[in-house]
Amino acid sequence: MNNHRNSTTSAIGFCLLPSELIQNILLYLVLPEIIRLKLVSKSFSHIISDQDFIRACNIRSRSSTWLFVYKKRWPRDLTLHGFTDQSQRWFQIPIANSLRPIISPGEDLYFLTASGNFLLFVSNTKKVVIFVNLVTQTVKKIPPSPLGPRCTSSWRRSGMKLVAGPPGLDRFRFLFVELVENRPILFVYDSESQKWVSMEAKENVANLPCLSERESENIYLSVINGRNESVLIVVKSHGDSTTPFILRPQFGGGGNGGGQLTVRFRWGNVIDRLHVYGDGHMMIVTSDGVGKMMLTGIELWGLSLNGRHWQYISKVPSKLMEQIKKPHGVMVGCLEKRDGIVRAALMSNFEGLWHIIWLTYDIQTRHWIWVTLPDCKMMGSNMAGFAFSSGITLS
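Keep in mind it's a predicted model, so treat the numbers as computed, not measured.

1. Considerations on the pattern of salt bridges
On inspection of all chains with the given rule, the structure shows 14 salt bridges. Where K325 meets E322, a salt bridge forms, and the shortest distance between an N and an O atom there is 3.2 Å. The class for E322 is exposed, based on a relative accessible area of 52%. Each of E336, R338, D339 and R343 takes part in salt bridges that share partners, so that together they form one network.

2. Observations regarding the nonpolar core
By size, the foremost hydrophobic cluster in this structure holds 36 residues, and its most contacted members are F68, F111, L119 and L394. In terms of nonpolar packing, the next biggest core, distinct from the first, is built from 19 residues, L295, V316, M331 and L359 among them.

3. Considering the sheet that holds strand 14 (residues 230–236)
Taken together, the four strands give an open sheet; going across it, the order is 12-15-14-13, and neighbouring strands pair in mixed fashion. Each edge of the sheet is formed by a strand with only one pairing partner; in this case those strands are strand 12 (202–203) and strand 13 (218–225). Bridge count between strand 12 and strand 15 (residues 245–247): two bridges; the pairing is parallel. Within strand 15, the residue paired with E203 across the bridge is I246.

4. Some details on the confidence of the model for the protein
This prediction gives the protein a mean pLDDT of 83; 85% of its residues lie at or above 70. Here strand 17 (residues 265–266) stands out as the least confident element of the protein, with mean pLDDT 35; strand 26 (residues 367–371) is the most confident, with 96. Taken as a whole, residues 1–9 scores under 50 in pLDDT and shows zero contacts with residues more than four places along the chain or in a different chain. Contacts for the low-pLDDT stretch residues 253–271, under 50 throughout, to residues beyond four places or in other chains number 37 contacts.

5. Notes on helix 5 (residues 51–62)
One turn of an α-helix holds 3.6 residues; hence residues three or four places apart share an orientation. Between its first and last C-alpha, helix 5 extends 16 Å over twelve residues, near the 16 Å set by a 1.5 Å rise per residue. Along helix 5, the positions that sit buried rather than exposed are F53, I54, C57, N58 and S61. Projected onto a plane normal to the axis of helix 5, the buried residues spread over an arc of 130° and lie on a single side. Where helix 5 begins, the capping side chain belongs to D50, and its oxygen is found 3.1 Å from the backbone nitrogen of D52.

6. Brief notes about the pairing of strand 6 (residues 128–133)
Burial within strand 6 is extensive, with six of its six residues counted as buried. With burial as the criterion, each face of strand 6 is covered, one bearing V128, I130 and V132 and the other bearing V129, F131 and N133. Direction of pairing for strand 5 (residues 118–123) relative to strand 6: antiparallel, over a ladder of six bridges. What sits directly across from S123, in strand 6, is V128. Counted between consecutive antiparallel strands, the loop separating strand 5 from strand 6 contains four residues, among which K127 sits at a positive phi close to 60°. Taken together, the four bridges between strand 6 and strand 7 (residues 139–142) define a ladder with antiparallel strand orientation. Within strand 7, the position partnered with F131 by the bridge is K140.

7. Description of the environment of K292
By secondary structure assignment, the location of K292 is in the loop between strand 20 (281–288) and strand 21 (294–303). Judged by relative accessible area, K292 falls into the partly exposed class, the value being 48%. In this structure, K292 is in contact with P327, H328 and F350, ignoring residues within four places of it in sequence.

Procedures and definitions
Residues numbered from 1 in each chain as written. Predicted model: local features only at pLDDT ≥ 70, side-chain atom pairs only at ≥ 80, totals over all residues. Heavy atoms only, no water. Salt bridge = Lys/Arg side-chain N within 4 Å of Asp/Glu carboxyl O. Buried < 20%, exposed > 50% of the residue type's maximum accessible area, 1.4 Å probe, protein only. Core = buried A, V, L, I, M, F, W, Y, C linked by side-chain atoms within 4.5 Å. Pairing = 2+ DSSP bridges. Helix = DSSP H or I, 4+ residues; strand = E, 2+ residues; numbered from the N terminus. pLDDT = per-residue confidence, 0-100. Contact = heavy atoms within 4.5 Å. Expected span 1.5 Å × (residues − 1). Arc of directions from axis to C-beta. Polar contact = N/O pair within 3.5 Å; in protein donor to acceptor, adjacent residues only side chain to side chain.

Here it is in structure tokens:
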């Protein structure tokens, strides 16, 4: 009883502080904590709704990068965890109550991708895509694409992109590419019109300048990734009528003494390389071992200026490799590039224990950084999707 009285007294005392001081204190919190506080009392809600506070909070939060991990203990306890490079711990993102009106008990959900305030999930049971707004807690189903209902296995991480905004607008576009009758077709959903449009990607036979020098203006989606050549499409990030172009980058020259990529095998002819694609870049992860695999190298590659070649950029230094390598049986990854920084997350599992590696590479300074993560406590859980996100704001 005394502890309850003390906490109540402390909360009341905090609310009696000048609003400017409270705002300065709240700005040290990350957005999920601020959103929760808004529900605590009318005093907090009034302070957090102040336009000056919203502007200050948005300036700080837009520069944050989040890694979201969706885990579940079948068939309940569906939890989205988030970690930001501006904090030192994982945050639980409350979305269960928001999903309840449109999700049946026991429905199999998978986390697809994220951008800004928006998260995309797919129901493997009903084969529908669902979006969640983290701030407003809005939840809606997206109508089926022209390809019809799609299950979880139909969605390729490197072949889709969620684009929130422009800033200040509560809208998004969801893009994905698929081969239809051996032709790359781009499908785009606009949350404002609530409609899909589809466009066939064109070969750049006239050698038109289809790559913008400003990286934020290009969206790259992978169609096919082969041993010696990849097929991607590139489209401008702004404008619904922009024609998507086909890129066919080949491997030639690199960090391994030039020439083709080194391809190694282990017993059973199982390739010990993982290719992770995203935003016109590729990370090649190599491992050695049988059953119990160990990381041996990580290389970063990017598109040439004309989009015709994969060019070697850098590799993780050996000293850093010794710090991050752990035994693994299976590994998956995601990759993004924003503001000259390439970010990659590698998630592995060994004997039921999950491990996450977050690496960043600064293109300008050519410097690698390992973002250390605390334990996400995923032992015994099923990993049901993970993705980077940025640009989360209060409005």
